[in-house]
Each structure stands twice: as C-alpha cells, then as structure tokens.
Amino acid sequence: MKKQFKKGRILAAGFLLALSFCFTCQSPAAQKKGMAVSGPVRFDPGKAPYPKLSDYGFFTGIQRDLQPNAGVLPYELITPLFTDYAHKARFVWMPKGTQAKVAADGRLDFPDQAVLIKNFYYPADFAKPEADWDVVETRLLMKIKGEWQAFTYVWDDAENDAELNIVGDIKPVSWQDEKGHKQNIEYLVPNKTQCKSCHNRDAIIQPIGPKVANLNKDLRYPDGKTENQLSRWQKAGYLAAGDHGQKFAKLAAWDKPESGSLQERALAYLDVNCGHCHHPQGPAHSSGLYLQADEQDLAHLGFCKPPVAAGKGSGGRQFGIVPGQPAASILLYRMENTDPGVMMPEIGRVMVHTEAVELIRDWIAELKGNCN
Amino acid sequence: MKFTQLAILAFICAACNSRPSDPGDVDTALYNDLQTQLINAKPGDVIKIPAGTHHFDRPLLLDGVKGVTIQGAGKDKTILSFLGQKAGAEGLKITADSVLIQDLTVTDTKGDAIRVQDAKNVTMRNVKTTWSGGAKASNGGYGLYPVGCEGVLIDRCEASFASDAGIYVGQSKNVVVKNSYAHENVAGIEIENCTNAEVKYCRSEKNTGGILVFDLPGLPAGNGKTCKIHHNKIISNNHRNFAPEGNIVATVAPGTGLIFLAAKDVEAHHNEVIGHKTMGAAIASYHIVQLKWDDKNYDPYTYDIKLHNNRFERKKALPDLSKDFGKMVNVYFGGKPQDILYDGILDDKRPSGSNPMNICIDQPQTGLRFANIDAANDFKNINPDLKPYQCK
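Just so we're clear, the structure is a prediction, and the values are computed from it rather than from any experiment.

Parameters at a glance
Residues numbered from 1 in each chain as written. Chains lettered and ligands numbered in written order. Predicted model: local features only at pLDDT ≥ 70, side-chain atom pairs only at ≥ 80, totals over all residues. Heavy atoms only, no water. Phe/Tyr/Trp six-rings, centres within 6.5 Å; stacked < 30°, edge-to-face > 60°. Helix = DSSP H or I, 4+ residues; strand = E, 2+ residues; numbered from the N terminus. Buried < 20%, exposed > 50% of the residue type's maximum accessible area, 1.4 Å probe, protein only. Lys NZ or Arg CZ within 6 Å of the ring centre and 35° of its normal. Axes fitted to C-alpha atoms, helices over the stretch in contact; angles between N-to-C directions. Parallel < 35°, antiparallel > 145°, perpendicular 65-115°, else oblique. Left-handed = near helix turned anticlockwise from the far one by under 90°. Contact = heavy atoms within 4.5 Å. Nonpolar A, V, L, I, M, F, W, Y, C, P; charged D, E, K, R; others polar. Disulfide = S-S within 2.5 Å. Patch = residues over 30% accessible without salt bridge, like charges linked within 9 Å, V, L, I, M, F, W, Y side chains within 5 Å. Areas by Shrake-Rupley, 256 points an atom, 1.4 Å probe, with all protein chains shown as cover. Salt bridge = Lys/Arg side-chain N within 4 Å of Asp/Glu carboxyl O. Lys, Arg positive; Asp, Glu negative; His and termini not counted. Charge placed at Lys NZ, Arg CZ, Asp CG, Glu CD. Buried area = accessible area lost by both parts, 1.4 Å probe. pLDDT = per-residue confidence, 0-100. 1 Å grid on protein atoms, 1.4 Å probe; cavity = no way out; pocket = protein on both sides within 12 Å on 5 of 7 lines; lining within 4 Å. Points joined across faces, edges and corners; volume = space filled by probe spheres on them. Pairing = 2+ DSSP bridges. Domains from an automatic or database assignment. Polar contact = N/O pair within 3.5 Å; in protein donor to acceptor, adjacent residues only side chain to side chain.

To describe a pair of aromatic rings, one takes the distance between the centres and the angle between the planes. On inspection of all chains with the given rule, the structure shows 28 aromatic pairs over all chains. Here the aromatic rings of Tyr50(A) and Tyr56(A) are separated by 4.6 Å at their centres, their planes lie at 40 degrees, and the arrangement is tilted. Residues Tyr142(B) and Tyr168(B) carry aromatic rings whose centres are separated by 4.0 Å and whose planes lie at 25 degrees to one another, so their mutual orientation is stacked. A residue pair is termed long-range when its members are at least 10 positions apart, and Tyr142(B) in strand S10 (residues 142–147) and Tyr168(B) in strand S13 (residues 165–170) qualify at 26 residues. The class for Tyr142(B) is buried, based on a relative accessible area of 1%. Of the residues examined, Tyr168(B) reaches a relative accessible area of 1% and is grouped as buried. Within the aromatic cluster, the residues linked to one another by ring pairs are Phe43(A), Tyr50(A), Tyr56(A), Phe58(A), Trp93(A) and Tyr153(A). Taking the ring centre of Tyr221(A) as reference, the NZ or CZ of Arg232(A) above it sits at 4.2 Å. The aromatic ring of Tyr303(B) is capped on one face by Arg350(B), whose charged end is 4.4 Å from the ring centroid.

Next up on the list: the packing of helix H6 (residues 262–273) of chain A against helix H8 (residues 354–366) of chain A. If you want to describe how two helices pack, look at the angle between their axes and the distance between the axes. Residue and element names in this part refer to chain A. The N-to-C vectors of H6 and H8 enclose an angle of 130 degrees; their axes lie 9 Å apart at closest approach. In this view, H6 runs oblique relative to H8, as classed from their interaxial angle. Here the hand of the crossing between H6 and H8 comes out left-handed. Across the interface between the two elements, Leu262, Gln263, Arg265, Ala266, Leu267, Tyr269 and Leu270 of H6 pack against Ala356, Leu359, Ile360, Asp362, Trp363 and Glu366 of H8. For the contact of H6 with H8, a count of residues per class yields nine nonpolar, one polar and three charged.

On to the state of the cysteines. Taken as a whole and judged by the stated rule, the model has two disulfides over all chains. One disulfide in the model links Cys304(A) with Cys371(A); its S-S distance is 2.0 Å. Taking the sign of the torsion about the S-S bond as the criterion, the disulfide between Cys304(A) and Cys371(A), at about -80 degrees, is left-handed. Taken together, the positions of Cys304(A) in the loop between H6 and helix H7 (330–335) and Cys371(A) in the segment after H8 put the pair 67 residues apart, joining distant regions of the chain. Residue class for Cys304(A) comes out buried when judged on its relative accessible area of 12%. Its relative accessible area of 11% is what places Cys371(A) among the buried residues. Paired by a disulfide, Cys360(B) and Cys391(B) hold their sulfur atoms 2.0 Å apart. Measuring handedness by torsion sign, the sulfur bridge of Cys360(B) and Cys391(B) sits at about 85 degrees and is right-handed. Separated by 31 residues along the polypeptide, Cys360(B) in strand S29 (residues 359–362) and Cys391(B) in the segment after strand S30 (370–372) bring together distant segments of the chain.

Before going further, it helps to spend a moment on a negative patch on the surface. Residues and elements named next belong to chain A. The grouping of Glu178, Glu355, Glu358, Asp362 and Glu366 at the surface amounts to a negative patch. As for its placement among the helices and strands, Glu358 is situated in helix H8. Glu358 sits in the partly exposed class, given a relative accessible area of 43%.

Moving on, we come to the interface of chain A and chain B. Tallying the contact residues gives 48 residues for chain A and 53 residues for chain B. Where chain A abuts chain B, roughly 4000 Å² becomes buried across the two surfaces, and 59% of that area is made up of carbon and sulfur atoms. Sorting the residues of chain A by area buried against chain B places Val167(A), Lys312(A) and Pro340(A) first, and these three jointly supply 14% of that buried surface. Counting across the interface, chain A meets chain B through three salt bridges. Notably, a salt bridge pairs Glu186(A) with Lys86(B), separated by 3.1 Å at the nearest N-O pair. Looking at the side of chain A that touches chain B, the elements with two or more residues in it are helix H1 (15–24), strand S11 (169–176), strand S12 (182–189) and helix H2 (192–198) of chain A. A per-element tally of the side of chain A that touches chain B places H1(A) first, with five residues. When grouped by side-chain class, the residues that make up the side of chain A that touches chain B number 23 nonpolar, 16 polar and nine charged.

For the rest of this paragraph, the subject is the confidence of the model for chain B. In the predicted model, chain B carries a mean pLDDT of 93, and the fraction of residues at 70 or more is 94%. Taken as a whole, residues 6–22 of chain B scores under 50 in pLDDT and shows twelve contacts with residues more than four places along the chain or in a different chain.

Residue and element names in this part refer to chain B. By the definition in use, this model includes six cavities of 30 Å³ or more. By volume, the largest cavity is sized at about 190 Å³. Together, 19 residues line the largest cavity, and Ile259, Ala282, Ala284, Ile288 and Phe325 are the ones closest to its centre. Listed by contribution, the elements that provide at least two residues to the lining of the largest cavity are strand S22 (256–261), strand S25 (279–284), helix H3 (324–332) and strand S28 (338–342). The greatest single-element share of the lining of the largest cavity, amounting to four residues, is contributed by S25. Residues that form the lining of the largest cavity fall into these classes: 17 nonpolar, one polar and one charged. Estimates place the volume of the second largest cavity at around 70 Å³. Lining the second largest cavity are 14 residues, and of these Cys194, Val213, Asp215, Gly224 and Lys225 sit closest to its centre. Looking at the lining of the second largest cavity, the elements that each hand over two or more residues are strand S19 (209–214), strand S20 (225–230) and strand S23 (264–269). Ranked by residue count, the leading element in the lining of the second largest cavity is S20, at three residues.

Two strands in a sheet stick together by hydrogen bonds in their backbones, pointing the same way (parallel) or opposite ways (antiparallel). All names here are of chain A. Here we have six strands laid out as an open sheet, ordered S3-S4-S7-S8-S9-S10, and antiparallel in their pairing. Two strands in the sheet have a free side with no partner beyond their single neighbour: strand S3 (72–75) and strand S10 (162–165). Taking each pair of neighbouring strands and ignoring which way they run, the sheet shows an average axis angle of 30 degrees. Judged from the four bridges that link them, strand S9 (residues 147–155) and S10 form a sheet pairing that is antiparallel. Bridge assignment links Trp155 to a residue of S10, and that residue is Ala162.

All right, on to the domain arrangement of chain A then. All names here are of chain A. Segmenting chain A into domains produces domain 1 (15–246) and domain 2 (252–366). The distance between the C-alpha centroids of domain 1 and domain 2 comes to 26 Å. Listed per partner, the contact involves 21 residues of domain 1 and 23 residues of domain 2. Across the domain 1 to domain 2 interface the summed buried area is about 2000 Å²; carbon plus sulfur atoms make up 60%. For domain 1, the biggest contributors to the area lost against domain 2 are Thr79, Phe82 and Tyr85; these three give 30% of the whole. In this structure, the connection of domain 1 to domain 2 is made through one salt bridge. The interface formed by domain 1 and domain 2 holds ten residue pairs in polar contact (both at pLDDT 80 or more) in total. For the side of domain 1 that touches domain 2, the secondary structure elements donating two or more residues are S12, H2 and strand S13 (200–201). Partitioned by chemical class, the residues of the side of domain 1 that touches domain 2 number nine nonpolar, seven polar and five charged.

Residues and elements named next belong to chain B. Read from one edge of the open sheet, eleven strands run S3-S6-S8-S10-S13-S16-S19-S22-S25-S28-S30, paired in parallel fashion. The strands lining the two open edges of the sheet, one partner per strand, are strand S3 (60–63) and S30. Averaged over all adjacent pairs, the angle separating strand axes in this sheet is 5 degrees, with direction ignored. Here S13 pairs with strand S16 (residues 187–192) via five bridges, running parallel. Across the sheet, the residue bridging to Ala165 is Ala187, located in S16.

Listed below in structure tokens is the structure:
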C-alpha cells in the first residue's frame, strides 16, 4: 500500500467530552478516537448486510486505519474512476478455497460470497497523505447467490465505525490539495439505487474496476513486498491459474504519459469513467454514445454525433466530439461542468476533474478530420 | 446525570448540529423516508407523497421493483420542487416495470423532470412538470420522459417550459398520450423513434412546435414507425425557440404546428391546427436538417403519411425569421404562412411515379396553402399542386 496506516490512535472515548462538543458546537471531527476490532473476517451471506462495517472484520485493529485482516487483499487500478479527488483504498475478500476466473472479455468472474471493499477517504493535506485523513464512506459489493449487491457504509463523525446507509447522504468534506489550496465540498454518498446506476450491465449489478487489463500492475503489499497484482492474487489463491496478463492488453494509466499514447490514455479514462454507463448494455445505451475502450465505431464514440436527449447538456454545441476542436465538443463541455443537469458523469462528482479535462482536450485537439 | 438533563443536552445537541436551512428548506426527513420506501418497495406497493410543496436536493429513484405506485395528493397539491438540486439531474428516475405515477407535480429539476427508462407498462396520470422561471435554455430538457419503454400511457398530464420537449416519448413501443396539455415548451409533444404510438385528445399550445414525430439516426431502438395523431388541438405554437443549439428541436421554427421528420406510417386526422405563423404541418426527410449520420440501418426518409379531416387555420403574421425553416418560408412564399409543406425529397429505392413516398393529403378546405418545396434541388421547382397527393 502506498498509504502507511497510522497506528496507536487514542482510544479514550469520553462521553462527557462528546457532550461538551455538542454544547459548544465544535466539529466533532476535531477529536478522533478510532475503535479497535479483532478476530477473523465474519461473513454470513444469509445475514448480510450487517449494520456496521466492523461487524465484518475486514479490518483489524483501529478501523479507520484500514489495516486488512487475514484474507483481505488490497488492490489498485491502473486507471480508476474519479470521485471528487477522493483517495480510495480497495480490498477484495473471498471465502477460503474459492477464486475468480477470467471471463472472455477480461472481466473477473468472482466466486459466490466474494466481497469488494472500497474506502473513500480524504487526506487532510494531499501533499502528506499519510499524516492524517478523514474516511467518509466504505462501499461493499458482495456476491450473494450469484448476484452482486451494493451497500454503502457511512463513517460516524469520530470515525470509530461506519454504519449501513441505503438512502444516501450529503457530507461536508475539506482538505488541502497538492498546491496548498483549501478545498471544501459537499460530498455525495450515493443511495442504493444510484450504486446500480453505474454498476450496471443489462440491468444487473456488476463491478466496474476489476478487469485483467486494469489490474495488471505492481503494488507494494502490507508485508513490504512489491509484486504484480495478478500474480499476487494467484499466489493468494484468489485468481485462476494462467497467463492472463498476456491475453489482455494492459490499460493505459490516464495520468502517466509513459504508459500509453495520448489516445490510449484518453480512451482508458473514458472507458473507466464513462464506459460503464455509455455501453450498449449500460444504462446510457439510449443515447447511442458508447465510450468503452473497445468501441470501434467512431460515430458511437461521439465523432460528429449530434446529441439525442442532451437538453442544455449540449451547451449549444453540435456534436459529441469535433476532431481538432475541443471547444466545439459536447463531451468536453459536460466534463467541464458541475451543473447536475449538464455534467457527466451524472453522479459521483461535484468538482471538475481538471487534469482529465486537460487530457481529453489535448486528445480532441490532435484528432484529424471534420464534421462538415 | 438525571434523565431530564440528558434530554435537554440531547435537545441542544440536535439543535446546534442541525445545519442552517438551505434555500427552500430541503425536507431531508421526507426525502429519506420516501427514498427508503422506494428502495425497500415490494411489488404492488403504493408510496404516498403527502400534500404540500416539498423541496428536495436529490432525485427520487425507483429501480427493479414491479407494479409500484407513486401517488401524490393531487396534481396541484403535491409539489416536488428541485430548485436547490445538488445531485442527479432528474426529479423522478425510474427503471421499473408497471410503474404508475399519479397526482403530483415536479418542478425546477436541473435536468429532466420525470424519466422512466427501459420499463414495461408505464403509466403517468394527472402529473404535471414545469419550471417556475418560465422559458429558459437552462431549464431541463424534458418534462415527462419515458425512453426505451414498452407500453406507455400518459393521461391527463400537463407539461410546460421544458427546453426540449414537454412530453417526450423516445425509442418506445405501444405508446398512448391522451387528454394531456403541453404548453410553452420548445416542442409540446414529441414522439421519437417509436413504434405504434398514438397522440389523441391533447392540447399542445404556445410551444415553438406543437406535435413532432421524429426518427433520428444512431439510436439502439432503430427506426420507428406507425403513429396516429388525432383529435388534438394544436394551437398558436409561436413561442420563441429557447432550446440549446445542438439539439434537434433547436432547428424547429417558431410557429410550427406539426412536424413529421423521417417519420413512417403516420396518420393525422381531426386535429385543429390553428394560429401558426410559419406552417401548420411539415413533412420532411432527415436530409433537410443537413446533418450527416453514420448508421447504416437508418432510414432518413418520410413516407406513408396520411393527413385528412384536419382543420388548418393560419395566423396572420410574418413567418419566423429566427430559424432556417422560417426564413425559407419568408423567402419562397413571400412572407406568408403556409398550411402544409412537403420537402419532396425522394428515396431512389422506392418505385417511381408522381408520389413515390406515398404522401396522402385529403384536406378539401378552400385556400389551403400547400407546396412541395423541392428541397433536394434548392427549392427550384416549388409546386403547390395537391393532385399527386390525393388519398386513394
């Protein structure tokens, strides 16, 4: 893990102290405690979802430090989904003796009772991500009787534990970014139905990230070893044998020029951030705009494609992508916007992903052709 | 500490932790209650929304549960306002079969007011959608918006001030829109890429365009066909076009009653098409909008159109000058509004003859202004002769 989880948080939980916070209207987050939990992972699919995140025992010790328990394996994605600059700590857990297979399209086909665990947190100072942080929510995708189900746990203000939330929430979050600017946003915790609005293939919940192409990278593990994720999963018994990395081209890292051409990085970003909806079997199929990485049809990718039901989302522009003209392309207009009626993706952000906007702008600028 | 002291502390706690009211006092408690009911709904549940104006900052979502009814206390009694919407562009977003939405109003959503997608047997009854600031390009695109559905009934609904279409049914099969009222939208009622649709006993008034039947390229539903439009009042649709450019309706000239664009098998009869300053009805192929497409299955032509027993009455005014179609009417028809214009664009693959696209117009009123505008040849042979288009 890039992130070294800090240990030894003060455990003292003062009831009077908490009351005094109420009394003086101080932010309760100013004093963090952190609650410790021990024992192995507990997962009974008949009883899930549990009311609290700690009930599963995915993390050992102080819960907010997110130290994985035995059998809980951290993972990262080459190109991740953007969520208002939240840092994400991802883990996978599977019952003993079970493993994921690789589907024909390179997605991982997880065994029953597999759980994907994604923690959203904000370092207080992005320049020093390991010094202090706020964990906001933890999302679980669990496969029960062959069907994925999505559940969100929202951390309490003291970050002792996270509680099941199905209705969603709006949480104020603040941090200092890498440039030293203070950022304050109202972070949106999705409700259970909104989870499915992204995690959706043919109206069935599906994970987005775990594909061979997007997992094929090195990671520094909590035991200090740095290893390719696919081989580590195989050693842990979590992935079927085979040279999967050879079969599926590695996804470009959207922000690493050495990982691929401008076009490869742009398409990787669009695939991960848009392609889960904008896919022939995704919820945005009615738009006829398909942005998954293997889309071959330029019109479906948005080239010179008039919008169908964009409304004000067109921004007065005529086509999704106008080669060579980012400022005339609806795709960019919607990425640059934060009006919920205009922006894309529709949910999951209240901020503009400035660096990605630059990437897409540069890509469109270098495209050849015209729409006349 | 005594219980009473604790209670007082708890009260102070609650009071000082509650955030100041957002503009419009977002009713988070009611929102959470309704959204929880929607998430936990069982087939056949009725979810009631009480009377009153309720301000929400997020959409209400229903997914995957059959036969749920979302029931307000009355169209003008239960009002869901999304003026301070922070997330999710719609007011109601539904992906569930056999849903019934009735007796409520949705206002001021950032995006579309009520969107129902990929569902079977959708009913909206006595529902209203509007934007309180009047006609603005920043309003949401659609009011009532079923898309990709099979079996749609919109009855006794009202839609106004949508920046695209008030009532818009897209890529759906077996659609009935009736007894409804669309006003001051860009398009009043729009049927797009639908198969087997019917619009009847509606009033579409003071929009930019009254009732539109469109087929567009590049959509998963493919070409639509078969639409009946009858017994509607299509009145004074002369509103300025406030749709953002890029959207197909941004090309509609103010003062247009009916438009059939790339439409197939449409019958329009017993409609009153009254008070339009540009044209009562337009029959055109997709070529007329001068956009290229890349969809080998797309059929851009309009054919098998039947207009009969409608009443056309023009507005005495100068046709629109803001859009190309309005300018065309001004230039080629001496600034006089027209009743029925046909672009005359032919599909070479169809049998030749005087009326290969099978356009039939049985409108025996005196003084009817009709023309084939010969759009394929830059309007060289504009021909007012109706004889080739007499119904057999």
